[in-house]
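Report on the structure
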Amino acid sequence: MENLDAGPWTSRNGVVLADLVPRALRTGWAERGLCPDRDLYSLFSAHVRSAPRREAVIDEEGPLDYAALDARVRRAAATLAGNGWGPSDIIAVLLPNGRDAVVAELAIAAIGAVALPIPHTRGMADISCLLNRSRAGALITDAEMAADDLPYLREVWKPEALDDHGDTDWRPARPDAEAPARILISSGSESSPKMVAYSHNAMAGGRGNYLAALRGATGPCRDLLLVSLASSYGSLGTPVILARHGGTLVLRSGFDAADALRAIERDRPTHVFGVPTMLRRMAACEVAADLSSLRAVVSSAGPIFEEVRRACARRFGLPLINVYGSTDGVNCHTGRDPGTYAPGLAGTPDPAVAEVSVRDAEWRPVPDGTAGEIWALGPMTPLCYVGAPELDARYRAPGGWVRTGDLGRIGEGGTLWVVDRLKRVVIRGGVSLSPLAVELELRAHPDVADVCCVPVPDPDLGERMCACVMPREGAPAPSPAALIAFLREERGMELRKLPERFVVLPELPLGPTGKVCAGTLARVAAESAVPAQN
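Quick caveat: nothing in here was measured; it's all calculated off a predicted structure.

For the rest of this paragraph, the subject is the side chain of D89. Tracing the backbone shows D89 in the loop between α3 (66–82) and β5 (90–94). When its relative accessible area of 3% is taken as the criterion, D89 is described as buried. In this structure the side chain of D89 is engaged in a polar contact, spanning 2.6 Å, whose partner is the side chain of R12.

Take the environment of A30 next. Topologically, A30 is positioned in helix α1 (residues 23–31). Its relative accessible area of 16% is what places A30 among the buried residues. As for A30 and G205, which are separated by 175 residues in sequence, their C-alpha atoms are 8.5 Å apart. Other than its neighbours up to four places away in sequence, A30 contacts C35 and D37.

Interhelical geometry of helix α12 (residues 435–442) versus helix α13 (residues 480–490) gives an angle of 95° and a closest axis separation of 10 Å. With respect to their mutual orientation, α12 and α13 come out roughly perpendicular. Packed against α12, whose contacting residues are V438, E441 and L442, the element α13 presents L483, F486 and L487 at the interface. The residue makeup of the contact of α12 with α13, split by class, is five nonpolar, no polar and one charged.

Grouped together as the largest cluster of nonpolar side chains are 108 residues, with contacts concentrated most on L69, V102, I140, M282 and F316. Counting residues in hydrophobic clusters, the runner-up holds 24 residues, among them A92, V114, L150 and A197.

Moving on to a positive patch on the surface. A surface patch of like charges, here positive, comprises R38, R49, R74, R171 and R174. Its place among the elements puts R38 in the loop between α1 and α2 (40–50).

What follows is about α13. Buried residues of α13: P480, L483, I484, F486 and L487, and no others. For α13, the angular spread of the buried residues around the axis is 155°, confining them to a single face. Turned more than 90 degrees away from the buried face of α13 sit E489 and E490, all of them exposed. Where α13 is buried, its residues meet α12, β25 (448–458), β26 (462–471), β27 (501–504) and β28 (530–531).

To continue, consider helix α8 (residues 257–267). In an α-helix, one full turn covers 3.6 residues, which means residues spaced three or four apart are oriented alike. Buried within α8 are the following residues: A257, A258, A260, L261, A263, I264 and D267. If you follow the buried residues of α8, they end up packed against β3 (55–59), β11 (222–225), β12 (248–251), β13 (271–274), α9 (276–284) and α10 (306–316). Sitting at the head of α8, D256 places a side-chain oxygen 3.2 Å from the backbone nitrogen of A258.

Taking burial as the measure, the six residues of strand β19 (residues 372–377) include six buried ones, the bulk of the element. One ladder, built from four bridges, connects β19 with strand β21 (residues 402–410); its direction is antiparallel. Bridging from a neighbouring strand, A376 pairs with V402 of β21.

Attention now goes to the packing of aromatic side chains. Tallied over the entire structure, the rule returns five aromatic pairs. A ring pair is formed by W363 and W375, whose centres lie 5.4 Å apart and whose planes are at 75°; its orientation type is edge-to-face. Of this pair, W363 sits in the loop between β18 (355–359) and β19 while W375 sits in strand β19, and the two are twelve residues apart along the sequence. W363 sits in the partly exposed class, given a relative accessible area of 34%. Feature note: the residues Y41, F44 and Y66 constitute an aromatic cluster, connected by ring pairs. One Lys or Arg, K194, reaches over the ring of Y395 and ends 5.4 Å from the middle of that ring.

Definitions and cut-offs
- Residues numbered from 1 in each chain as written.
- Predicted model: local features only at pLDDT ≥ 70, side-chain atom pairs only at ≥ 80, totals over all residues.
- Heavy atoms only, no water.
- Helix = DSSP H or I, 4+ residues; strand = E, 2+ residues; numbered from the N terminus.
- Buried < 20%, exposed > 50% of the residue type's maximum accessible area, 1.4 Å probe, protein only.
- Polar contact = N/O pair within 3.5 Å; in protein donor to acceptor, adjacent residues only side chain to side chain.
- Contact = heavy atoms within 4.5 Å.
- Axes fitted to C-alpha atoms, helices over the stretch in contact; angles between N-to-C directions.
- Parallel < 35°, antiparallel > 145°, perpendicular 65-115°, else oblique.
- Nonpolar A, V, L, I, M, F, W, Y, C, P; charged D, E, K, R; others polar.
- Core = buried A, V, L, I, M, F, W, Y, C linked by side-chain atoms within 4.5 Å.
- Patch = residues over 30% accessible without salt bridge, like charges linked within 9 Å, V, L, I, M, F, W, Y side chains within 5 Å.
- Areas by Shrake-Rupley, 256 points an atom, 1.4 Å probe, with all protein chains shown as cover.
- Salt bridge = Lys/Arg side-chain N within 4 Å of Asp/Glu carboxyl O.
- Lys, Arg positive; Asp, Glu negative; His and termini not counted.
- Charge placed at Lys NZ, Arg CZ, Asp CG, Glu CD.
- Arc of directions from axis to C-beta.
- Pairing = 2+ DSSP bridges.
- Phe/Tyr/Trp six-rings, centres within 6.5 Å; stacked < 30°, edge-to-face > 60°.
- Lys NZ or Arg CZ within 6 Å of the ring centre and 35° of its normal.

Here is the structure:
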């Protein structure tokens, strides 16, 4: 196995990934059994040997057992390795949910490379940005890609091209368990997508422990994962459900409430993982389905509102388990007592996943009951941000701690309460959107003097983005339609990032510090915002 004590990992194309957690802490977590201390493909191979006929993946093509899945993975890995790809490479994956995406990610792990799964619904601007900043050398996709403006991308593979290799001499790589394995993507509050590097141990250990505690069950489970495998939330799919726990992963290539309900009846999953919008739509769907196989319904990537919780409890016959977490390396959930609900309740932190500390502005721990910034450190903690030292400087603290940018407090019994999000973000149907990105573009409009984007509540998607616009003095107030046209045609903004509500104000309200008061604007927007079509 590769020894990382010599220094940070560096890709063939010059991307440096340094572990910001002291090695002694990582070693201690492994010695205590909190991390398996094995690479992801080795973990997966152990399940292949112990249960070759167990169903590994069920998708639109039907079931695929562990032995058949591994045969495809080995052929793909042999093809990649035979073409010179290996432990010093970052390889991107741009595929919808299904066996092809699973094979690609496991094959990348098998050759010791680092996987960069990208949600296939991302626009070309984001995809190009991620490929360039990561300096990914290869891409596995079923889409047609033009590599003219991608100087580091040397090879594009179709999934079927990886499935016809017969090199029996190929042997899996055995990377250090603390070597980088996967890059998670989150838009968060930044103007462009951010990338976070995780090791094999952080994925299989910290995230694996979170899933084990959340499920509270022994033995392999059958998990219907409704979110993208390439999302931060969806990263529990291939590396955790399959590689760490040897479970059965039920996938659909896209989300439709009726289709998801039929999948529960047909494929009999024990657990369902979705975002609040998905679960609410399933609860409201009139399609009849036998849901008796379910033992838990899990929600993450957005806040749960009381009406959603009640609707889901009626439809599924189970209380929702709420997960508070982020790409940056924090996790907490209500799996120990899913029937308990209150706005902001995140659950009890698990040191096997990440220790949680609440700090003041001087980075000092605050007494229980006092609000401060939520920090996290544990087996789940990532290595670093990718190609963004400014984010490491902003969100990582001495000793490897992750600064979440969220305001919280520790309550009775050690439970964590999330008071507010310090990082500005709009969570639309489980997808984080950056207000800053829209503000930067709208400020370029000749008739806009200032703008602030805030979330407004939405009964279906949870939140939508509202642009609060202050016209330039003497200029006519631009219409929402004109502003949308400007963002699309003049600034090239992707459809999914556009604001869906607008408020035009003579001036933006200021808070005590002289900054625009986003809280006041959110209240104004909730009462008087108009749709973008107006």
